[in-house]
Amino acid sequence: MLRLAVIGKDVSRSLSPVMHRFLLGKMGERCTYECVSIPPARFSADVGTLFSRFDAFNVTIPFKAEILPFLARTEGDAKTFSAVNTVVSATRTGYNTDGLGFMLMLDNAGVDVSGKRVLVLGAGGAGRSCICKLAERGAQVFAYGRDFQRLQKIWAEMGNFTPLESIPPAAYDVICNCTGIGMHDTVGQTPTVRTPHGEFPVGEALLAGCTAAVDLIYEPVQSEFLRIAASLGKKTLNGGAMLFYQAYYADCIYLERTPSPAEAKQYYMEYSGGKA
């Protein structure tokens, strides 16, 4: 039986345990799965115990980059993104399945980003994953972060997007909220962004020009960001399917199993009661 966990600042309401138990059950494996919330100030002191407590663990906000110094190596997208969401304890190896889960969510929802102008809000671990995968798919990616100097450093590393110090009055085909604003103690809020006319919460002015709005938040099901987009008649996606798909890819790593997008979609249809 695998001993698994998800770690983050506050994972008390995480759906990861239910998803991983479901997925591993479909794959013929049993597991225990814990939610481990760690105050950021305690991360360096507490992280070492995770490798002995768990066979593997998933990593979420805000530790996807902070975990890197404690690993022996990274593989695949984790190396490209400099962010980790999946760790195998025996080898202290970090992986990142966020980008794969994000793109499978878009594909299965019929959101085509090839050749489209896509605005990514936030360039943390999840944001970097999305930027890379969107660029690989042929999207024209623009990214905005509150810390422009940090965003420029990310651009120097990756170079596959346009960093924005402020958001000009231009239309974007797809807008993705990768900030985390809108959940936990920020429910009912949208990210605040700089514009040529000052700082404002994301609202109708920005969302009116898009065809689809994507929020990586899955709790609440409809964030304020998505509520505004839906009120304007835009296609909206929350992060529930991405969470499921990144969990699927992580479990394939744990079991050394070759992933199948078709299988992942089939499992999600079963898990979600037929919702694609």
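Preceding block: the structure.
For the structure given in this document, a descriptive report is provided here. All residue numbers refer to position in the chain's written sequence, counted from 1. Local features in this predicted model are restricted to residues of pLDDT 70 or higher, and side-chain atom pairs are both shown and tallied only at a pLDDT of 80 or more, whereas totals for entire chains, interfaces and linings draw on every residue. Side-chain metrics in this entry use all non-hydrogen atoms of the structure; hydrogen atoms and water are not considered.

Some points on the overall build of the protein
The condition is simple: The helix and strand labels rest on DSSP assignments: H or I over at least four residues marks a helix, E over at least two residues marks a strand, and numbering proceeds from the N terminus. Every radius of gyration here is taken over C-alpha atoms, with the globule rule written as 2.2 Å times N^0.38, N being the number of residues. The rule is simple: take the accessible area with a 1.4 Å probe, protein chains only, and divide by the maximum for that residue type; under 20% is buried, over 50% is exposed, in between is partly exposed. For this analysis, residues touch if any pair of their heavy atoms sits within 4.5 Å. Per-residue and other accessible areas follow the Shrake-Rupley method at a 1.4 Å probe size, with only the shown protein chains counted as cover for residues. Only four residue types enter the tally: Lys and Arg on the positive side, Asp and Glu on the negative side, with His and both chain ends excluded. Charge coordinates come from a single atom per side chain, which is NZ of Lys, CZ of Arg, CG of Asp or CD of Glu.
The number of helices and strands found in the protein is ten helices and 14 strands. A compact globule built from 276 residues should have a C-alpha radius of gyration of about 19 Å, and the protein, at 18 Å, falls within 12% of that. Seen through its C-alpha atoms, the protein measures out along the principal axes to roughly 55 × 40 × 35 Å. Burial analysis of the protein (276 residues in total) assigns 50% to the buried set. Once local pairs closer than 6 in sequence are excluded, the contacts in the protein between residues at least 24 apart make up 62%. Here the protein has roughly 12,000 Å² of accessible surface; of this, 51% comes from carbon and sulfur atoms. Within the protein, the 26 negative side-chain charges are centred at a point lying 1 Å from the centre of the 27 positive side-chain charges.

Structural notes on the sheet that holds strand E7 (residues 117-121)
The line we're drawing: Any two strands with at least two DSSP-identified bridges between them are counted as paired. Lines are fitted to the C-alpha atoms to define the axes, a helix being fitted only along its stretch in contact, and any angle between axes, read from their N-to-C directions, falls within 0 to 180 degrees.
Overall, parallel pairing links the six strands, which are arranged E9-E8-E7-E10-E13-E14 in an open sheet. The sheet is open, and its two borders are formed by strand E9 (162-164) and strand E14 (235-237), each paired with just one other strand. The sheet shows a mean angle of 20 degrees between the axes of neighbouring strands, taken without regard to direction. Pairing between E7 and strand E8 (residues 140-144): five bridges, direction parallel. The partner of Val 118 across the bridge, within E8, is Val 141. Packed onto the sheet, helix H4 (residues 98-108) meets strand E10 (174-177), strand E13 (212-215) and E14 and runs at close to 145 degrees relative to E13. Here helix H8 (residues 224-231) sits on the sheet in contact with E7, E10, E13 and E14, set at roughly 165 degrees to E13.

Quick notes on the packing of H4 against helix H9 (residues 240-254)
Stated formally: The cut-offs work like this: below 35 degrees is roughly parallel, past 145 is roughly antiparallel, 65 to 115 is roughly perpendicular, and the gaps in between are oblique. Crossing handedness is defined as follows: a turn of the near helix away from the far one that is anticlockwise and smaller than a right angle gives a left-handed crossing, while the clockwise case is right-handed. Polar here means any residue outside two lists: the nonpolar Ala, Val, Leu, Ile, Met, Phe, Trp, Tyr, Cys and Pro, and the charged Asp, Glu, Lys and Arg; Gly therefore counts as polar.
Interhelical geometry of H4 versus H9 gives an angle of 130 degrees and a closest axis separation of 7 Å. Judged by the angle between their axes, H4 and H9 are oblique. Note on packing geometry: the crossing formed by H4 with H9 is right-handed. Judged by residue contacts, Asp 98, Leu 100, Gly 101, Phe 102, Leu 104, Met 105 and Asn 108 of H4 engage Ala 241, Met 242, Tyr 245, Gln 246 and Tyr 249 from H9. Of the residues in the contact of H4 with H9, the class split is eight nonpolar, three polar and one charged.

Regarding H8
Applied cut-off: Throughout, the arc means that of the directions going from the helix axis to the C-beta atoms.
For H8, the full list of buried residues reads Phe 225, Leu 226, Ile 228 and Ala 229. The buried residues of H8 all sit within an arc of 160 degrees when viewed along its axis, so they share a single face. Of the surrounding secondary structure, the elements contacted by the buried residues of H8 are E7, E10, helix H7 (204-207), E13 and E14.

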